[in-house]
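This is what each chain is made of:
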Amino acid sequence: MPNNITYTVDNLLCTGCGICEDVCPKQAISINRINGEHRPALDNSLCLGDKCGRCLKACPGVGVDLIGIAREHFEDVSVKEDKYIGRYIGLHTGYSLDGDIRYHSASGGMVSQFLFFLLEEKIIYGAVVTGYGEDHVTPMSYIARTPEEVICARSSKYCPVALNKVGNEIARSEGKYVVVGTPCHIQGFRKRAAIDGRFRERVAGYFSIYCSSGRTFNGQDYLFKHYGVKKREIKYFAYRDEGCLGKLTILYGGVGGEFPSPRATKVSTRCRESESLKKISIPYTSYYGPMLRSFFKPHRCLTCIDHYGELADVCFGDIHIAPYDKDEVGVSSWITRNKYWETQFVNAAKEGYIKMEDVSAKVLNDSQAAMLYPKKRCAQAVVNIDKLMGRKTPVYDKPFDKPRVKDYVSEIVCLAQQFVGRRKYLWFLIDFLNKGK
């Protein structure tokens, strides 16, 4: 077994998080886009091999001790535990009390608004967030140190996000920071913190976004192709904008005009629409499930058992259940796993930043039911299939659930859809299924 990231890549275990690049002491790793996903490339002439192994130690793709690390960090006497949620102190729903943030964020604007509070109260120096680059469609992660920079990163990114530059910047900086990412990002950063004291000292908290699975860049390319948009003409792009669940929103075409850079947008300013721009606005429910489906899921996502982000201090996401799903502007749900962050939310509510109410574990889990309850069963089904193919599989200290026959059928269909999604010459099959949409 190679003692470097080659093991992860060869066994289809890579999550594309990018953390391995930062932890390599010889800068032997670079993150590249391959077949629509982020993949590490290793310069063997620089790699220290068995003398090092830091990239593999920080890799979330090979698996992680969800129970062990959670018990180490979330040990308050009042902590509760749930099979799906993990260890927690509080479960909540609410939304930003800034109407613009709430309307233009994915679900209630809670992440952006809470980061505002933390920055303005000088509780943190900055937060790792992900916006878009100069082309308005390529994810770009950075440390936001102002509310304006937080705004540039609001809403969901249904494409690969690599946090391969920010870890070392945090380790070299002064002050305290929070990291916002998906469950696998948080797993990787927890593993990095275990071997990097300087980084560990600088992180005040880890914030996770609920994640059923990611999507490859091919999914983004398919959407552009389906709606007849040229990537180079895009001036503004969001997977979710304009209210609860929201709409795929693209402004494109035109000449001239004033468009914000990813790091310089004013809080109250969005991409300025001019008469020469064309606009696409598609409801989330009309494009995400019907078009992206499993065609563009990365393979490693199929063997993930962490939906909420069990190693994060705070986890945020939608709440797809009555009465919250009747709200047309947006409502968030979130989980706190220790008293410190629970107190900070209480303070944010008192200061008028957020609306905050309690919710039960059953309601929260039921709101995620379609993705949450089958997750561990389906993951075990794919693990069994991978083992038959001779691949190594992720190792957790938390058990999978026993798959049913329908789970194997579901995952075989998923693997077939992935085959189509990876081959652009077969995308006409997706078009056929989505005819008229």
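Rules of the game
- Residues numbered from 1 in each chain as written.
- Predicted model: local features only at pLDDT ≥ 70, side-chain atom pairs only at ≥ 80, totals over all residues.
- Heavy atoms only, no water.
- Phe/Tyr/Trp six-rings, centres within 6.5 Å; stacked < 30°, edge-to-face > 60°.
- Helix = DSSP H or I, 4+ residues; strand = E, 2+ residues; numbered from the N terminus.
- Pairing = 2+ DSSP bridges.
- Axes fitted to C-alpha atoms, helices over the stretch in contact; angles between N-to-C directions.
- Buried < 20%, exposed > 50% of the residue type's maximum accessible area, 1.4 Å probe, protein only.
- Contact = heavy atoms within 4.5 Å.

**As for the packing of aromatic side chains**
Consideration 1: Scanning all chains against the criterion turns up 28 aromatic pairs.
Consideration 2: Taken together, a centroid distance of 5.1 Å and an interplanar angle of 85° make the contact between Phe-207 and Trp-341 edge-to-face. Of this pair, Phe-207 sits in strand 9 (residues 203–209) while Trp-341 sits in helix 13 (residues 339–350), and the two are 134 residues apart along the sequence.
Consideration 3: Between the aromatic rings of Tyr-396 and Phe-400, the centroid separation amounts to 5.8 Å while the plane-to-plane angle is 65°, which identifies the pairing as edge-to-face.
Consideration 4: Put simply, the rings of Phe-114, Phe-117, Phe-207, Phe-316, Trp-334, Tyr-340, Trp-341, Phe-345 and Tyr-353 touch in pairs and so form one group of aromatic residues.

**Let's talk about the sheet that holds strand 8 (residues 177–181)**
Consideration 1: Judged by pairing direction, the sheet is mixed, and its eight strands sit side by side in the order 7-6-8-9-13-14-5-15 without closing on themselves. Sheet topology places strand 7 (139–144) and strand 15 (354–358) at the edges, where each strand pairs with a single neighbour. Between one strand axis and the next, the sheet turns by 25° as a mean value, whatever way the strands run.
Consideration 2: Here strand 5 (residues 90–96) pairs with strand 14 (residues 332–336) via five bridges, running antiparallel. Each bridged residue has a counterpart across the sheet, and for Gly-90 the counterpart in strand 14 is Thr-336.

**Focus on the side chain of Gln-344**
Consideration 1: Along the chain, the position of Gln-344 falls in helix 13.
Consideration 2: Classification of Gln-344 by relative accessible area gives buried; the value is 9%.
Consideration 3: Once residues within four sequence positions are removed from consideration, Gln-344 is found in contact with Phe-114, Phe-117 and Ile-123.

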